[in-house]
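Examining the three-dimensional arrangement
Each chain is listed here by its residues.
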Amino acid sequence: MSTDGPLAVAVIGAGFAGIGAAIRLRQAGVEDVTVFERDTRIGGTWRDNTYPGAACDIPSQLYSYSFARNPEWSQTYSGSAEILDYIDKVAADHGVIDRIEFGRTVTGLTYDVPTGEWTLTFAEQEPVRARSVIVASGPLSTPALPDIPGVADFAGTAIHSAAWDHDYDFTGKKVAVIGTGASAVQIVPELVKRAASVKVFQRTPGWVLPRVNLETGEFAKGVYRRVPGAQRLARALWYGGHETMALGVVWDTPLTRVVEAIARLHLRLQVRDPWLRRQLTPDFSAGCKRLLMTSDYYPALQAKNAKLVTWPIARIAPKGVRTVEGIEHQVDCIVYATGFAVAKQGTPYPVTGVDGRVLADEWSGGAQAYRSVAVSGYPNLYFTFGPNSGPGHNSALVYLEAQIEFITEAIGMVERGGWKALDVRREAQEAFNADIQKRLRRTTWNSGCQSWYLTSDGYNATMFPGFATQFVNQMRRVDLRDFRILVDEPALSAATV
Ligand code: N01
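Report follows, based on the coordinates.

Thresholds, definitions, all that
- Residues numbered from 1 in each chain as written.
- Predicted model: local features only at pLDDT ≥ 70, side-chain atom pairs only at ≥ 80, totals over all residues.
- Heavy atoms only, no water.
- Helix = DSSP H or I, 4+ residues; strand = E, 2+ residues; numbered from the N terminus.
- Rg over C-alpha atoms; globule rule 2.2 N^0.38 Å.
- Buried < 20%, exposed > 50% of the residue type's maximum accessible area, 1.4 Å probe, protein only.
- Expected span 1.5 Å × (residues − 1).
- Arc of directions from axis to C-beta.
- Contact = heavy atoms within 4.5 Å.
- Disulfide = S-S within 2.5 Å.
- Pairing = 2+ DSSP bridges.
- Axes fitted to C-alpha atoms, helices over the stretch in contact; angles between N-to-C directions.
- Near = heavy atom within 4 Å.
- Polar contact = N/O pair within 3.5 Å; in protein donor to acceptor, adjacent residues only side chain to side chain.
- Areas by Shrake-Rupley, 256 points an atom, 1.4 Å probe, with all protein chains shown as cover.
- Nonpolar A, V, L, I, M, F, W, Y, C, P; charged D, E, K, R; others polar.
- Domains from an automatic or database assignment.
- Core = buried A, V, L, I, M, F, W, Y, C linked by side-chain atoms within 4.5 Å.
- Salt bridge = Lys/Arg side-chain N within 4 Å of Asp/Glu carboxyl O.

Another aspect to go through is the overall build of the protein chain. Summing up its helical and strand segments, the protein chain has 13 helices and 20 strands in all. Taken against the 2.2 N^0.38 rule, which gives 23 Å for 497 residues, the C-alpha radius of gyration of the protein chain at 23 Å falls within 12% of a compact globule. Here the C-alpha coordinates of the protein chain stretch approximately 75 × 55 × 45 Å along the principal axes. Within the protein chain, the fraction of its 497 residues that count as buried is 55%.

Another aspect to go through is helix α7 (residues 254–270). Under the 1.5 Å per step criterion, the end-to-end length of α7 is 25 Å for 17 residues, consistent within 8% with the ideal 24 Å. Regarding α7, the residues found buried are T256, V259, E260, A263, H266 and L267. Seen from one end, α7 has its buried residues packed into an arc of 120°, which puts them on one side. Facing away from the buried side of α7, by more than 90 degrees, are the exposed residues P254, R268 and L269. Residues of α7 that are buried in the fold lie against β10 (208–209), α6 (230–249), α8 (274–279) and α9 (297–301).

As a further point, take the state of the cysteines. What the rule picks out here adds up to 1 disulfide. One disulfide in the model links C288 with C449; its S-S distance is 2.0 Å. Note on the C288 and C449 pair: the S-S dihedral is about -105°, so by sign convention the disulfide is left-handed. With a gap of 161 residues between them, C288 in the loop between α8 and β11 (292–293) and C449 in the loop between α12 (426–440) and α13 (468–474) connect regions that are remote in the sequence.

Looking now at the sheet that holds strand β12 (residues 306–309). Spatial ordering of the open sheet is given by β7-β16-β8-β9-β12, a layout of 5 strands whose pairing is parallel. The sheet terminates laterally at β7 (157–160) and β12, the two strands that pair on one side only. Strand-to-strand twist of the sheet, defined as the mean angle between neighbouring strand axes without regard to direction, takes the value 20°. The strands touched by helix α4 (residues 184–194) within the sheet are β8 (174–178), β9 (197–201), β12 and β16 (333–336), with β8 carrying the most contacts at an inclination of about 170°.

The subject of this paragraph is unusual backbone geometry. Even without glycine at this site, D355 takes up a positive phi of about 60°. Relative to the assigned elements, D355 resides in the loop between β17 (351–352) and α10 (359–362). Owing to a relative accessible area of 69%, D355 belongs among the exposed residues under this scheme. We note that N388 has phi near 55°; this positive angle belongs to a residue other than glycine. Take N388: it is sitting in the loop between β18 (381–383) and α11 (396–417).

It is worth spelling out the site of the ligand at this point. Around the ligand, the structure places 23 residues, and the nearest of them are D57, T180, S183, R203 and T204. Between the ligand and the protein, one listed contact pairs an oxygen atom with a side-chain N or O atom of K289 at 3.0 Å. Relative to its free-state accessible area of 910 Å², the ligand is covered by the protein chains to the extent of 85%. Considering only residue class, the shell around the ligand consists of 10 nonpolar, 8 polar and 5 charged. Counting only domains with at least three residues in the shell around the ligand, you end up with domain 1 (7–142 + 341–496) and domain 2 (151–207 + 251–336).

Once that is clear, we can look at the environment of W207. Position of W207 among the secondary structure elements: in the loop between β9 and β10. The contact partners of W207, leaving out residues within four places of it in the chain, are E260, A263, R264, P282, F284, S285, A286, L291 and L292. There is a polar contact of 2.7 Å between the side chain of W207 and the backbone oxygen of F284.

Take Q429: it is sitting in helix α12. Only 2.6 Å separates the side chain of Q429 from the backbone nitrogen of S376, close enough to count as a polar contact. When residues no more than four places from it in sequence are discounted, the contact partners of Q429 are Q368, A369, Y370, A374, V375, S376 and V424.

On to the nonpolar core. Membership of the largest hydrophobic core comes to 70 residues, with the highest contact counts inside it found for V9, F16, I19 and I134. For this core, the element with the most residues is α11, which contributes 12 residues. What I19 contacts, discounting residues up to four positions off in sequence, is A14, I42, I87, A91, V96 and I100. Counting residues in each nonpolar core, the second largest holds 32 residues, with Y51, V177, A300 and A306 among its members.

It is worth spelling out the pattern of salt bridges at this point. Side chains that differ in sign of charge can pair as their charged atoms come close. This model, assessed by the stated rule, comprises 29 salt bridges. The residue D93 makes a salt bridge to K89 at a minimum N-O spacing of 2.7 Å. Residue D93 and its partner K89 are located together in helix α3 (residues 80–93), separated by 4 residues, close to a single helical turn. The class for D93 is exposed, based on a relative accessible area of 52%.

In structure tokens, the structure reads:
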């Protein structure tokens, strides 16, 4: 073991979630926190997603911590570099950088009942023990290549959107982009500026809404800096606007038709060619897959050097992409904007709880947790962006902060109370999930399209079926009636309180 005694808290991952958790724990008086990060720098998804055009499609006023407002955002929707600078600054300002150990790839977590401690094992270092663990490694951290035959056969350059090769010069190159999701619609407009040709391989068109991105002038920044409450008001207005969107995005309502009508109008205004419009028109309810926010994608697709290919891909060949009608599209580079391996059914590393139970086995039919953060039989283990905490219409950071507050309160209770652990009751978890799954049945995500939100048999372990405000309310306080408090005294050991 590299530490003499157990840590109070081990946090896995130094992205928005891990940094935020470390900050709030320290502010709550829990100082003995170490963040284990597999990379050599902080930032998580914003460190990894540096493809050209990478930006957040949620306004920065809302895609930031409420406890670390930033009056300096340069534009409505900031780019990945600016968001990364923000994370760096927040971590430095709150004194958590020296709490991070880099180059630490966790390979497993095991709970020891007698001591009430977790052991974290690592790829190359000695194990570490901790009383509480926060899994903040993020659902979108492992890039996924598509299950298309021949992916390994391609002789040219292959680049995934989340592992961009900045040394590759696209100037004059023939490029294929596979995928048309949130990443692709940001990449394609940048590639058409440089490459000789860009062929975009679309399997399913998405609903695209215009994104009006304005620079924040010096006057507005001055107001945010100097007028108390101005930035809070801006955030509240964005928040309210996004909450209203839930009515058309989370559930299939007449407002969904309005969202679709706006997207259709946007398509009509930006694309003259009726056949291309038809190819770009989705056949599922808006919101079922993530809405795409961009005003640059459709114009880019119509650039002279761009082409949309809608024939299904048969295989990747050494020289390019073969589609089912028999054409081989020969290219120098394939950009895979094909998303991430999302742990909807398993865990990124083995997690062994009470009595040797293995979380991946319990989640083999689909992940589930109590209020997205805790799982029965895994005491003092918490997840950020755990099961059913995904937003479809509002800032992920609102959901994240609510989870961090809950986790901080629970860990604070254990530390202050001198308890061994909190273990959520199975019946509380099951009741919570029965309700979530019932509510999910009425949402657009479960209305028939295929997306990364669902397992192959249609189970939704990803999204929260409601307003962000409902999610925040559900996380507002730790209800001890839903937990078993495990204490050390022999007489009370494993007592049910
Ligand atoms: O990935 P995706 P992404 N053959 O899974 C296609 C977040 N994000 O990286 O739709 C052919 O959405 C697939 O086709 P289909 C955000 O949460 C946020 O774009 O499955 N095509 C799809 O078009 C987002 O939801 C921002 O038919 C294949 C694409 O690849 C999440 O990241 C920006 C295929 C994958 O789309 C993931 O977005 C960017 C195959 N075998 C991303 N397999 C913000 O601005 C997959 N595809 C905050």
